[in-house]
Amino acid sequence: MFRKIGTKLILVVSVTAVIIIGVFSYFNIERQTEVLRAEVQRHANQLSESVKNATRFAMLKNDRDYIQQIIDRIGKDPAINDVKIMNKEGEIIYSSRPGNMGKMLDKQAESCYACHAANRPLEKLSMKNRTRIFTANPDSAQVLGIINPIYNEPSCSESDCHAHEPSAKVLGVLDVTFSLKDIEKQIQSNEIQGAVLAVVAIVAIGFIIGFFVKRYVDQPVKELVNATEQVAAGNINYKITNLGKDELGKLGRSFNDMTKKLDETSQQLYQSTKMASLGQLAAGVAHEINNPLTGVLTYSSFLLKRTKDNPQMQEDLNVIVRETMRSREIVKGLLDFARQSVPKKSLCNINEILDRAIAVVANQVKLNRITIERINDPELPEITADANQIQQVFLNLFVNGIDAIGQDGKIQVRTSHTSLSPRGITQIKNAVCGKTHSLIDPQHKIGGMSSIKMKIKSNGNEGFVYLDPIYGNHRHYFGINLDKGSSNNLSCPTCDMSLIDKTAKCPECGGPVYKIPVPNQGFIEGCASFKDIWQRWGYVDAAGEKKFVEIDITDNGCGIPTENLSKIFEPFFSTKGQRGTGLGLSVIWGIIDNHNGVISVQSEVGNLPAGKAGGTTFSIRLPQGNTKAFV
Amino acid sequence: MMKEHCNILVIDDEQVIIDSISKIASLEELTVDSSLPGKVAFEKISAKDYDLIICDIMLLEMDGFQILNELVKRNVDTPVIMTTGYSTIENAVKSLYLGAIDFIPKPFTIDEMISLIHRAMRYSKLLEAKKKNVESVLLVPCPSKYYRLGYSCWMNKELDGSVFIGASDFFVKTVEPIKLVELLNTGEILTQASPCAKFRTDDELAHPLYSVLSGNIIERNEKVIEQPELLEKDPYFDGWLYRIIPTEFDYEMKILIPCSSDRS
Ligand SMILES: Nc1ncnc2c1ncn2[C@@H]1O[C@H](COP(=O)(O)OP(=O)(O)OP(=O)(O)O)[C@@H](O)[C@H]1O
Ligand SMILES: [Mg+2]
Ligand SMILES: [Zn+2]
Ligand SMILES: [Zn+2]
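Treat the numbers as computed from the prediction; the structure is a model and nothing was measured.

Asks: Can you help me understand the packing of helix α1 (residues 5-60) of chain A against helix α6 (residues 181-232) of chain A in this one?
Replies: To describe two helices that pack against each other, one gives the angle between their axes and the distance between the axes. Residues and elements named next belong to chain A. Contact geometry for α1 and α6: axes closest at 8 Å, N-to-C directions at 160 degrees. With respect to each other, α1 and α6 are oriented roughly antiparallel. In this structure, α1 meets α6 at a crossing whose hand is right-handed. For the contact of α1 with α6, the class distribution of residues is 19 nonpolar, 10 polar and three charged.

Structure representation (C-alpha cells):
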C-alpha cells in the first residue's frame, strides 16, 4: 500500500497537517482559557472591592446585622459560592453560608497560604497572589477564591465604638469564592469546537492534497509506468499522451523521444536481422533439400549410364539430370544469398557489366517503349567484384524500373568515380585481442553493424564497452556509467588480456590509448579515456583516400511512397502481388553488403493529373580497392 | 586373425545418401557398409577393415567433426571424406584442418563421387605401402619450409611477400597420370579450401585441388599446362601452379601444416 508515490505523499502531508493544526489548536485553546480565567478574576476582584466598600460603613458602625444582610444578599448570586469575612485570628465572623459562622480557619489551609506562607501576617499583596483556584470537594466544580484584606484605617482606630489597636495593620480578610462551573463549561465547549475545527481542517487538507497528488503525480506516474511496461512488452510505438508542462511531463516527452529513437534504430536493425534469419532459413532449407537432390542426381545419372542403348530414355533422363543440376545451382545461390559463400571476386569493368545486363532486358525494354540512356564515366576504374553477382544487381534494378514505368519512359544509367577519406566509411570487420580472440560482437549492433566489444574497468565499475565499428565514428555504447577522463582499463572479454598500449599516449589529452589488432590490417588505436575522439588506423590511413565507383540508376516510373522506403529492402516486401517475390532488392542488398558497398534510394511519387512526374534513383557505391570482405 | 574387409563405410542419417553412394560404388565394384552416427559407427570401424570413411557433417546425434576428432584420438588412420548439404568455406576448412583428406558438398554427381573415391582408394593404398616401406612408392619429400592444407596443396612464401602454390606429391600420386591441367586466369581470386585447379585423367575424371590460401593470382605456370607430367616429376619446384598475393595470410596460416613435421 505504501509502494505508491501518491500514497506516500498524501501520508507525509497529512501527518504534517495533523501536527501543525494540532499544535496550533492546542495553544489556541490554552490561550482562550487563560483569557477567560483572567476575566473571571478581574470580575471577582471588583465584586470583592464592592462588598468591602458596601460594608465599610456598617463595619465602622459595627452594625453586625446589616453586614450579615449585605453578605447574604450578595451570596444569593448563583455564580457566587460563598462570601465570608474572617478576623485576624482566622475566625469566620460573617458568611453567606450560615453553617460556616464561627469556624476557625487553619492558617496553613489553602485559602490562607499565600499570606501566611512564612507565618507572616497579611500585608499588601498583588491580585495574582490573592486569588486561588481549587476544588472544594472532589465531585464539585472548580472554585475561584479571592481574598481581600481589610486594613486598619485611622477612622477605625479612632472610632469610639470598638477600638482597634493602631499598631495592627490588617483587621481581617474578606474572602469571596466563585463557582467556575459556567466558565469550565465554556472552556470545554471551546475545546470541542477547536478539536472539531482541527479535524475538519485536516480532513479537508487531506482531500485537497489527495486530489492534486492523484491528478498531477499519481496519474502521470501511472501512465509512465504503463508506458515502460508497454515498451518492455514490445509495443515500441507506445506514446505517452496528456503531457503536462512540469517535470513529469518533460520526463514523458523524453520517454517518447527515446522510444522514437529506439524505433528508428530497431527499424535499421530489422533489415540486417531479417537478412540473417532468412540466411539461417536458407541454410536450413539448403541442407534439407540437398539430401533428396543427391538421390535424384545419383539415380538419374546412374540410369543414364545404364541405358546408353535407349536414345529416347537418354533424352528424358538428360532432362532430369540437367534440371537437377539447375536445382543444385539454385540452392547454391540461396546459400550464396545467405552469405555463406564468399563472392568470387575478380577485376571487372562496371561499364561492361552494365552492357551485359542491358542486353538481357533489351527486348522487354523495346516492347514497353522504354529508352535506356547511358552516361558513362570514360575513366571508370576497374574494381574487384563478383561480376555475376553485380550483373544480377543491375538486372534486378532494371526489372524493377521497367515494372515501375510500365509503358513509355526512360531509365538513365550513370557511372562515376569518387574518392573519400577512409574515416567514417570504413567498417572494422575484424578485431582480435593479443591471443586472437575475436572482439566482434554480432549481438550488439551499432548502425546495423556488429560492434567491437571490450571489457572496461573504470573507477571500480566493471562492464563492457561497444566501439562503433565504423572507423572515425563515435557512436560507442558504454555498458557502465563512465567517468569520462578517468583511467579506464580495457581488456578482452574472453581472456581479459589488456588492450591498452602502455607505451603510447593520446596526442589529444595525454591519456591512455587502446590498441586493437585487426588481422592483416594493422591496429586500431584510440583514446581509452574517451575524453576526446582521437582514433587512428594506420593501415587504412596509409592506403589514402578510398576510391569508389558509383552507379546511379534512375527511372521516371511511379515512385515509391515514403512509408515504403524503409521496407523495400526487406525480404518478401512487394507491392506486385503474385508477380513479385519481394526478394529482388534484398538480394541486391546482400550482394552490395558482401562487396563492402552501400546502396541508397531516393524517390518521388508521381502525380500525373497534377503534372508532377515521379521517379526513383538507386545509387550504389562500390569500393575500388581490393580490401576483401572478411567473412 | 584378419579383419573382414570392406571398401567404404558411409556414416549418415539419410538413407538416400547411403543408397546413392552404394549405387555409385557398385559401378566401381566396391563394397559399401553404412552406419548411423554415434557409437555404432565406432564399433563398425573397430570390427572391420575399411579403405575409406565418408561422413556427413550435420548429424543430429553426433556432429561429424566430433567423429573426426574421435577417430584421430583412436589412432584410426583410415582416410575420411567429409560431406554436407550445408557446404560452406568454413566447413571445408574445418574438415581439412581436422584431418579429413577431402570434402565434397551435397548434392554430388556420380562423376564427382567416383573421382573422389578413386583418389581416396589410391590414397589408402599409398598409405599402406608407405607403412610397409615398399620401395616402389617413391615419394618426393615436401621441402621443410613449405606449408600444406591437408595433404593436397602446398605453399611457399617468397621474400617479396608473394606466395607460390602447387599440388603435393601425395595428391599427384593419387590422380596420376594427369592428362590435362585446368587453371584459373591471372587476376582471378583464390579462396582457401575452394577448388583452384582441375586435373583431368584418362578415365574422363576431373580432380579438383583445394587452394591452400586465399589471394589474387598474379602469375600462373603455363609450362604445367603444356607438360602436365612436370607435376609428377617435380611437384614442389618446376611443377608449381600459381604465384599469388595472399589476402588473409596470417589468419589462414593458422590451419596449415608445416611440411617440416613430415620428417619425424
Ligand atoms: N524503381 C522502382 N520504382 C518504384 N517502386 C519500386 C522500384 N523498385 C522497387 N520498388 C518497390 O519495392 C518493392 C520491392 O522490390 P523487390 O525488387 O524487392 O521485389 P519485387 O520487384 O516486388 O519482386 P521480385 O523482384 O522479387 O520479383 C516493389 O514491390 C516495389 O513496390
Ligand atoms: Mg524486383
Ligand atoms: Zn582474448
Ligand atoms: Zn584522449
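The structure having been displayed, the exposition proceeds.
Asks: Would you take a moment to explain the pairing of strand β7 (residues 153-157) of chain B for this structure?
Replies: Side-chain positions along a regular strand alternate between the two faces of the sheet. Residue and element names in this part refer to chain B. Within β7, four of the five residues are buried, which leaves the element mostly enclosed by the surrounding structure. Looking at chain direction, strand β6 (residues 147-149) and β7 are connected through three bridges and run antiparallel. When the sheet's bridge partners are listed, R148 is paired in β7 with W154. What sits between the antiparallel neighbours β6 and β7 is a turn of three residues, in which G150 has the positive phi angle 60 degrees. As judged from the five bridges shared by β7 and strand β8 (residues 163-167), these two strands associate in the antiparallel manner. Across the sheet, the residue bridging to M155 is I165, located in β8.

Asks: Is there a simple way to think about the interface of chain B and chain A in this case?
Replies: How big an interface is tends to be stated in terms of the accessible area lost upon association of its parts. With 35 residues of chain B at the interface, the matching set in chain A holds 30 residues. For the pair chain B and chain A, the summed buried surface comes to about 2,900 Å²; carbon and sulfur atoms form 60% of the total. It is K23, Y86 and P107 of chain B that lose the most area in chain B upon contact with chain A, and together they represent 20% of the buried surface on that side. The interface formed by chain B and chain A holds two salt bridges in total. At the junction of chain B with chain A, the criterion picks out six residue pairs in polar contact (both at pLDDT 80 or more). Mapped onto the side of chain B that touches chain A, the elements with two or more residues apiece are α1 (15-27), α4 (89-97), α5 (110-131) and α9 (249-253) of chain B. Sort the elements by how many residues they give to the side of chain B that touches chain A and α1 of chain B lands first, with eight residues.

Asks: How should I be thinking about the environment of G22 of chain A in this particular structure?
Replies: Residue and element names in this part refer to chain A. Structurally, G22 can be placed in helix α1. Under the relative-accessibility criterion, G22 is labelled partly exposed at 34%. C-alpha separation for the pair G22 and A195, spaced 173 residues apart in sequence, amounts to 8.2 Å.

Asks: Please explain the state of the cysteines as it appears in this structure.
Replies: By definition, a disulfide is the covalent link that joins the sulfur atoms of two cysteine residues. All names here are of chain B. Counted under the stated rule, the structure contains one disulfide over all chains. A sulfur-sulfur distance of 2.2 Å marks the disulfide that ties C142 to C259. The chirality of the disulfide connecting C142 with C259 is right-handed, given an S-S dihedral of about 65 degrees. Placement of the pair is C142 in the loop between α5 and β6 and C259 in the segment after β15 (257-258), with a sequence separation of 117 residues. Judged on exposure class, the residue C142 and its partner C259 are both buried. Of the cysteine sulfurs around C196, a residue in no disulfide, the closest is that of C153, at 4.8 Å. Under the relative-accessibility criterion, C196 is labelled buried at 3%.

Asks: Is there a simple way to explain the packing of aromatic side chains in this structure?
Replies: What describes a pair of aromatic rings is the distance from one ring centre to the other and the angle between the planes of the rings. All names here are of chain A. Scanning the model with the defined rule gives 18 aromatic pairs over all chains in all. Each ring, one from F211 and one from F212, has its centre 5.4 Å from the other, and the planes form 80 degrees; the classification is edge-to-face. Each ring, one from F569 and one from F618, has its centre 6.4 Å from the other, and the planes form 90 degrees; the classification is edge-to-face. On the criterion of sequence distance, the pair formed by F569 in the loop between α12 (562-565) and α13 (584-594) and F618 in strand β21 (residues 615-623) is long-range, its members being 49 residues apart. In this structure, F569 and F618 share a single accessibility class: buried. Looking at R215, its charged tip hangs above the ring of Y216, at a distance of 4.9 Å from the centre. For the cation-ring pair, K515 lies above F523, with the distance from its terminal atom to the ring centre recorded as 4.5 Å.

Asks: Just to check I follow, could you spell out the pattern of salt bridges for this structure?
Replies: Where charged atoms from two side chains of opposite charge approach closely, those side chains can pair. Under the defined criterion, the tally for this structure stands at 30 salt bridges over all chains. The residue E182 of chain B makes a salt bridge to R200 of chain B at a minimum N-O spacing of 2.7 Å. Of this pair, E182 of chain B sits in strand β9 (residues 178-183) while R200 of chain B sits in strand β11 (residues 195-201), and the two are 18 residues apart along the sequence. By relative accessible area, which is 29% here, R200 of chain B ends up partly exposed. The partner of E219 of chain B in a salt bridge is R243 of chain B, with the nearest N and O atoms 2.9 Å apart. With E219 of chain B in strand β13 (residues 215-220) and R243 of chain B in strand β14 (residues 242-246), this residue pair connects regions lying 24 residues apart in the sequence. Counted as one network, the salt bridges with shared partners bring together K455, K457, E462 and D496 of chain A.

Asks: How do you make sense of helix α3 (residues 64-73) of chain B when you look at a structure like this?
Replies: Along an α-helix, a turn takes 3.6 residues, which lines up residues three or four apart on a common side. All names here are of chain B. Within α3, the full set of buried residues consists of G64, F65, I67, L68, E70 and L71. Elements that come into contact with the buried residues of α3 comprise β1 (4-11), α2 (39-47), β3 (48-56), β4 (80-84) and α4. Residue N75 follows α3 closely and has a positive phi angle near 60 degrees.

Rules of the game
- Residues numbered from 1 in each chain as written.
- Chains lettered and ligands numbered in written order.
- Predicted model: local features only at pLDDT ≥ 70, side-chain atom pairs only at ≥ 80, totals over all residues.
- Heavy atoms only, no water.
- Axes fitted to C-alpha atoms, helices over the stretch in contact; angles between N-to-C directions.
- Helix = DSSP H or I, 4+ residues; strand = E, 2+ residues; numbered from the N terminus.
- Parallel < 35°, antiparallel > 145°, perpendicular 65-115°, else oblique.
- Left-handed = near helix turned anticlockwise from the far one by under 90°.
- Nonpolar A, V, L, I, M, F, W, Y, C, P; charged D, E, K, R; others polar.
- Buried < 20%, exposed > 50% of the residue type's maximum accessible area, 1.4 Å probe, protein only.
- Pairing = 2+ DSSP bridges.
- Contact = heavy atoms within 4.5 Å.
- Buried area = accessible area lost by both parts, 1.4 Å probe.
- Salt bridge = Lys/Arg side-chain N within 4 Å of Asp/Glu carboxyl O.
- Polar contact = N/O pair within 3.5 Å; in protein donor to acceptor, adjacent residues only side chain to side chain.
- Disulfide = S-S within 2.5 Å.
- Phe/Tyr/Trp six-rings, centres within 6.5 Å; stacked < 30°, edge-to-face > 60°.
- Lys NZ or Arg CZ within 6 Å of the ring centre and 35° of its normal.

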